[in-house]
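# Residue-level structure breakdown
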Amino acid sequence: MALAGGGAVCIWNDIASEGRDEFYAWHLSEHMPERAAIPGFKRSRRYIALDAATKPEFFTLYETATTSVLTGAEYLARLNAPTSWTKTATQAFRNTSRALTTVRASVGPGAGGALATMRFAIAAGREQEAVDLIAARALPAAAAVPRIAGAHLCVTDRNASASKTAESRDRTDILAAPNWVILLEGCDESCVRTAAENVERAIGGLLDGMVIAGFYRFEYQC
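Right, let's walk through the structure included here. (Residues numbered from 1 in each chain as written. Predicted model: local features only at pLDDT ≥ 70, side-chain atom pairs only at ≥ 80, totals over all residues. Heavy atoms only, no water.)

## Observations concerning the overall build of the protein
Formally: Segments assigned H or I by DSSP are reported as helices when at least four residues long, segments assigned E as strands when at least two residues long, and all are numbered from the N terminus. Put simply, the radius of gyration uses C-alpha atoms, and a globule should come to 2.2 Å times the residue count raised to 0.38. Categorising residues by exposure relies on relative accessible area from a 1.4 Å probe, with only protein chains included: less than 20% of the type maximum marks a residue as buried, more than 50% marks it as exposed, and the intermediate range marks it as partly exposed. Note that accessible areas follow from Shrake-Rupley with a 1.4 Å probe, and for residues the cover is restricted to the protein chains shown. Within this scheme the basic residues Lys and Arg register as positive and the acidic residues Asp and Glu register as negative, but His and the chain ends are omitted. Charged side chains are reduced to one point each, which is NZ for Lys, CZ for Arg, CG for Asp and CD for Glu.
When its secondary structure is counted, the protein shows six helices and eight strands. The secondary structure elements of the protein, listed N-terminal to C-terminal, are β-α-β-β-α-α-β-β-α-β-α-β-α-β. Relative to the compact-globule value of 17 Å for 222 residues, the protein shows a C-alpha radius of gyration of 17 Å, a close match. Principal-axis analysis of the C-alpha atoms places the extent of the protein at approximately 45 × 35 × 30 Å. Taking all 222 residues of the protein together, the buried fraction comes to 53%. Total accessible area on the protein is roughly 9,500 Å²; 51% of this is exposed by carbon and sulfur atoms. Taken as two groups, the 23 positive and 24 negative side-chain charges of the protein have centres that lie 2 Å from each other.

## A look at the state of the cysteines
This is how it is decided: Our working definition of a disulfide is a cysteine sulfur pair at a distance within 2.5 Å.
On inspection of all chains with the given rule, the structure shows zero disulfides. Note on C187: no disulfide assigned, nearest cysteine sulfur contributed by C191 at a separation of 5.8 Å. Looking at C187, the relative accessible area reads 58%, which means it is exposed.

## Comments concerning the pattern of salt bridges
We count it as follows: Salt bridges are defined as contacts in which a side-chain nitrogen from Lys or Arg sits within 4 Å of a carboxyl oxygen from Asp or Glu.
With the rule as written, the count across this model stands at 13 salt bridges. When the shortest N-O distance is used, the salt bridge between E219 and R46 registers 2.8 Å. Of the two residues, E219 sits in strand 8 (residues 212–221) while R46 sits in strand 2 (residues 41–49), which places them 173 residues apart along the sequence. Classification of R46 as buried rests on a relative accessible area of 2%. Through salt bridges with shared partners, a single ionic network connects E34, R35, R78 and E167.

## Section: helix 1 (residues 20–36)
Keep this limit in mind: Bend at a residue means the angle formed by two fitted axes: the first through the 7 residues ending at that position, the second through the 7 residues beginning there.
For helix 1, the principal kink sits at H27 and spans about 50°. Of the positions making up helix 1, those classed as buried are F23, W26, H27, E30, H31, M32, E34 and R35.

## What about the layout of surface pockets?
The test is simple: Put simply, the grid is 1 Å and covers the protein atoms alone, a cavity is a trapped set of points that fit a 1.4 Å probe, a pocket is an open set with protein on both sides within 12 Å along at least five of seven lines, and lining residues have an atom within 4 Å of a point. Grid points are joined across faces, edges and corners, and a volume is the space filled by probe spheres set on the points. Each residue receives one of three labels: charged for Asp, Glu, Lys and Arg, nonpolar for Ala, Val, Leu, Ile, Met, Phe, Trp, Tyr, Cys and Pro, and polar for the others, Gly being one of them.
Of the voids in this model, the largest pocket is the one considered here, and its volume is about 530 Å³. Lining the largest pocket we find 33 residues, and of these R98, S161, S163, S168 and I174 sit closest to its centre. For the lining of the largest pocket, the secondary-structure elements that each account for two or more residues are strand 1 (7–15), helix 1, strand 3 (58–64), helix 2 (73–79), strand 4 (93–107) and helix 5 (158–162). Among the elements that line the lining of the largest pocket, the one with the most residues is helix 1, at five residues. Residue classes in the lining of the largest pocket are distributed as 16 nonpolar, 11 polar and six charged. Taken as a whole, the second largest pocket encloses approximately 220 Å³ of empty space. Within the residue set of the lining of the second largest pocket, elements represented by two or more residues are helix 3 (84–89) and strand 4. The residue makeup of the lining of the second largest pocket, split by class, is three nonpolar, five polar and seven charged.

The following block contains the structure:
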């Protein structure tokens, strides 16, 4: 599959202006390498918004070998022992959503420099229908758009995502995780926007509410 494994942590966040420099230093020098060192974490990527309409500004994706890594002892131990720099840097976080997900489908040859994230909910009782439609039709059609490198469906473990740890317990910036996530990777903004429009049309009859779409460019990989 185009993603590196069967699990993924999807994080959206803004950063207060006064904490921006520290965020970059901490995220590159400590936080992403720390996560990458956890057994089962395969790849870490960060993106920044392509336009003012995309909110939150940052998106970070951690790919894991399996979903069980996300509730495993090694990851939980790290979450329950945040460094002093983590405690300081995360004070500047705003509008944070963190979804611990299972990769239910992933197609395409690799990664792309432009990314669309689609956050949404599916109408009650239609979840399996949605997985089947997205995996068999919507993602392959998206991957067929010229210059699309990957198309992925991630379904959130809501209980695990809402669980409080020492790192998150006292933070007021954390919002509810999205139930479903589609990620579309490509060579440029135009192709991921086209793919996102096609996917939204394909799943429109299954939605509970609206799709929140954001468009990002790649910044860093660890």
